[in-house]
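Summary of the model geometry
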Amino acid sequence: MAVEKAPAVVSTTSKRAARAGTDVLIRKVDGHLAAVRAGLAEPELELAERLAQVLRELVVSTARASAADRGRVRAAVHYFVLRRESRGRLLSVRSLTAAQRVVNRVVLDLGRPDLLVEARWDCRPGSPPR
């Protein structure tokens, strides 16, 4: 007569750990966006905000995914947060487009083409922005 309560405890513990990891990544994205917001012009700010939005969505949607998928998303978040090719706290356009390529690659790897990020200068005239 074995009592099987351990899996429920493990399940609760793993849910808390997943939630904590999700919260940390989202805070990193939000904190970075807040830090660079003042130094960005309108098109760059739109791109940074869209990247942050997509990264938040990926973090939440992969919270219970495989370790490999969560790792891809975590790497994209870190790339967005840590990538700086300019001096000081300002994020350069080059850095944003590099982060855009990384995020879009992860989006495609995860089968979520609906989350592809296009910069305003990437859009063809007359096409709706994403």
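For the structure, see preceding data.
This write-up is about the structure you can find in this document. What you see is a predicted model, and the numbers here were worked out from it, not measured in a lab. (Residues numbered from 1 in each chain as written. Predicted model: local features only at pLDDT ≥ 70, side-chain atom pairs only at ≥ 80, totals over all residues. Heavy atoms only, no water.)

**Quick look at helix 2 (residues 42-61)**
Rules: Numbering of helices and strands runs from the N terminus, with a helix taken as a DSSP run of H or I at least four residues long and a strand as a DSSP run of E at least two residues long. Multiply 1.5 Å by the residue count of a helix minus one, and that product is the helix's expected span. Exposure categories follow from relative accessible area, calculated using a 1.4 Å probe and restricted to protein chains: below 20% of the type maximum is buried, above 50% is exposed, and the middle band is partly exposed.
Across its 20 residues, helix 2 extends 28 Å between first and last C-alpha, which sits within 8% of the 28 Å expected from 1.5 Å per residue. Every buried residue of helix 2 is listed here: Glu44, Leu45, Leu47, Ala48, Arg50, Leu51, Ala52, Val54, Leu55, Leu58 and Val59.

**Re the pattern of salt bridges**
Convention followed: Any Lys or Arg side-chain nitrogen located within 4 Å of an Asp or Glu carboxyl oxygen qualifies as a salt bridge.
In this structure the tally under the stated criterion is 6 salt bridges. Here glutamate 49 ties to arginine 37 by a salt bridge, and the two come within 3.4 Å at their closest N and O atoms. With glutamate 49 in helix 2 and arginine 37 in helix 1 (residues 6-37), this pair connects stretches of sequence that are 12 residues apart. Judged by relative accessible area, arginine 37 falls into the partly exposed class, the value being 37%. One salt bridge connects arginine 112 with aspartate 114, and the closest N-O pair in it is separated by 3.0 Å.

**Overview of helix 3 (residues 67-82)**
This is how the line gets drawn: To obtain the arc, one takes the directions from the helix axis to the C-beta atoms.
The end-to-end C-alpha distance of helix 3 is 22 Å, a good match for the 22 Å that 16 residues give at a rise of 1.5 Å each. Of all the positions in helix 3, only Val73, Ala76, Val77, Phe80 and Val81 are classed as buried. Along the long axis of helix 3, the arc covered by the buried residues comes to 130 degrees, so they all point the same way. Along helix 3, the residues that are exposed and aim more than 90 degrees away from the buried face are Ala67 and Leu82.

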